[in-house]
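Fold and geometry: a report
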Amino acid sequence: MNKSLRKAVIAGNWKMNKGRAEAKALIESLVPLVKDAGCDVLVCVPYTDLETALAAAAGTNIRVAAQNCHWAASGAFTGEISAAMLAELGVGAVIIGHSERRQYFGETDRTVNARVRAALDAGLQVILCVGELLGEREQNITGEDCSMQTKIALAGVSAGELERVIIAYEPVWAIGTGKTATADQADEVCGLIRGVIAGLYGKDAADALTIQYGGSMNAGNAEELLGKEHVDGGLIGGASLTAPDFAAIVAAAGK
Ligand code: PGA
């Protein structure tokens, strides 16, 4: 069992929710609830909340992350935000390749790779999302799909840089649907992704990599999911929007 080698990480993905006043209030109510967390705690907030969230979380164990960044350092990319801009604000981490980016905003494995590179170059930690569609699971190609997404996303990433990468396995059919993968399904695919990392970077790197599960994780199912050997944390959408629910998941990760 190598689970004890890895840091559990619980990250809230607020998606396009919470204005600045709400962001401040949510973080302020989270602070006392998660102050003794036995895991890393992140909130991934909308760009416009970043400064507010950083101020509200200053001096606490809550870290603030963004939900995306562009692959270029600067330039003619109207509406985009670069990784260096996030780093300058004091943001430490960023989600890359979330399935909603892939589904609604034309994100591909290649652009995910370019964004991962840019984020690492700017010194950020990356939460890299991979996961299969329902049709792919039904066709029994979950393994191939997650393996390919992982390999392409990490092209050109060195073993040293991998230490700043977390992978979030998020089956697309489980996101925001209330349908959670069973703990065994989550463990199986997280284990498979760890095998892909072992093939690319060696067993020690694979044993050290934090792999999260995401997709309708909540206070009721978190403990079982997080108890699995290969599930080292969670990327939480809906249940991260209220402090008691999110804090209960953080508490489950510390057990
Ligand atoms: P959910 O979202 O917890 O609402 O299913 C997870 C995610 O999309 O990161």
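Every value quoted in this text rests on a predicted model; they were computed, and no experiment measured them. (Residues numbered from 1 in each chain as written. Predicted model: local features only at pLDDT ≥ 70, side-chain atom pairs only at ≥ 80, totals over all residues. Heavy atoms only, no water.)

**Description of the overall build of the protein**
From N to C terminus, the protein includes 12 helices and 8 strands. Burial analysis of the protein (255 residues in total) assigns 54% to the buried set. Within the protein, contacts between residues separated by at least 24 positions form 73% of all contacts whose residues are at least 6 apart in sequence. Summing over all exposed atoms, the protein offers an accessible surface of approximately 10,900 Å²; the carbon and sulfur share of this is 54%. Charge-centre separation for the protein: the mean point of 22 positive side chains lies 2 Å from the mean point of 30 negative side chains. (Helix = DSSP H or I, 4+ residues; strand = E, 2+ residues; numbered from the N terminus. Buried < 20%, exposed > 50% of the residue type's maximum accessible area, 1.4 Å probe, protein only. Contact = heavy atoms within 4.5 Å. Areas by Shrake-Rupley, 256 points an atom, 1.4 Å probe, with all protein chains shown as cover. Lys, Arg positive; Asp, Glu negative; His and termini not counted. Charge placed at Lys NZ, Arg CZ, Asp CG, Glu CD.)

**Some details on the site of the ligand**
Neighbouring the ligand are 13 residues, the closest being Lys15, His98, Glu170, Gly176 and Ser216. At 2.7 Å, a side-chain N or O of His98 approaches an oxygen atom of the ligand. Here the ligand loses 95% of its free accessible area of 280 Å² to cover by the protein chains. Residues that form the shell around the ligand fall into these classes: 4 nonpolar, 7 polar and 2 charged. (Near = heavy atom within 4 Å. Polar contact = N/O pair within 3.5 Å; in protein donor to acceptor, adjacent residues only side chain to side chain. Nonpolar A, V, L, I, M, F, W, Y, C, P; charged D, E, K, R; others polar.)

**Observations concerning helix H12 (residues 243-253)**
Among the residues of H12, Ala243, Phe246, Ala247, Ile249, Val250, Ala252 and Ala253 are the ones counted as buried. Where H12 is buried, its residues contact strand E1 (9-13), helix H1 (20-34), strand E2 (40-44), helix H11 (222-226) and strand E8 (233-236).

**Structural notes on the packing of aromatic side chains**
Under the counting rule described, the total for this entry stands at 3 aromatic pairs. Their ring planes at 70 degrees and their centres at 6.5 Å tell us that Trp71 and Phe77 sit as a pair that is edge-to-face. Sitting above the plane of the Phe105 ring, Arg101 keeps its charged end 4.1 Å from the centroid. (Phe/Tyr/Trp six-rings, centres within 6.5 Å; stacked < 30°, edge-to-face > 60°. Lys NZ or Arg CZ within 6 Å of the ring centre and 35° of its normal.)

**A closer look at the packing of helix H7 (residues 142-153) against helix H9 (residues 183-201)**
Viewed as axis vectors pointing N to C, H7 and H9 meet at an angle of 45 degrees, and their least axial separation amounts to 10 Å. With respect to H9, the element H7 is oriented oblique. Between H7 and H9 lies a crossing whose hand is right-handed. When H7 is examined against H9, the residues Thr142, Gly143, Cys146, Ser147, Thr150 and Lys151 are found in contact with a partner set consisting of Val189, Leu192, Ile193, Val196, Ile197 and Leu200. Here the contact of H7 with H9 is composed, by residue class, of 7 nonpolar, 4 polar and 1 charged. (Axes fitted to C-alpha atoms, helices over the stretch in contact; angles between N-to-C directions. Parallel < 35°, antiparallel > 145°, perpendicular 65-115°, else oblique. Left-handed = near helix turned anticlockwise from the far one by under 90°.)

**Concerning unusual backbone geometry**
Even without being glycine, Lys18 reaches a positive phi, approximately 80 degrees. Assignment of secondary structure puts Lys18 in the loop between E1 and H1. Although it is not a glycine, Ser216 sits at a positive phi angle of roughly 55 degrees. Tracing the chain through its elements places Ser216 in the loop between strand E7 (211-214) and H11.

**Points about the sheet that holds strand E5 (residues 125-130)**
One closed barrel accounts for 8 strands, arranged E1-E2-E3-E4-E5-E6-E7-E8; its pairing is parallel. Taking the axes of each pair of neighbouring strands and ignoring which way they run, one obtains an average angle of 25 degrees across the sheet. Of the pairings in the sheet, the one linking E2 to strand E3 (residues 62-66) comprises 4 bridges and is parallel in character. Bridge pairing in E3 places Val41 opposite Ile62. (Pairing = 2+ DSSP bridges.)

**Some details on the environment of Leu42**
Along the polypeptide, Leu42 turns up in strand E2. In this structure the C-alpha to C-alpha distance between Leu42 and Glu100, which are 58 residues apart in sequence, comes to 19 Å. Leaving out residues up to four positions away in the same chain, Leu42 has contacts with Val9, Ile10, Ala11, Gly12, Arg63, Ala65, Ala93, Ile127 and Phe246.

**Quick look at the packing of helix H5 (residues 109-121) against H7**
Two packed helices can be described by the angle between their axes and the distance between those axes. H7 packs onto H5 with a crossing angle of 40 degrees between their chain directions and a minimal axis gap of 8 Å. On the basis of their axis angle, the class for H5 and H7 is oblique. In terms of crossing hand, the pair formed by H5 and H7 is right-handed. Contacts between H5 and H7 involve Asp109, Arg110, Val112, Asn113 and Val116 from the former and Met148, Gln149, Ile152 and Ala153 from the latter. Of the residues belonging to the contact of H5 with H7, the class tally is 5 nonpolar, 2 polar and 2 charged.

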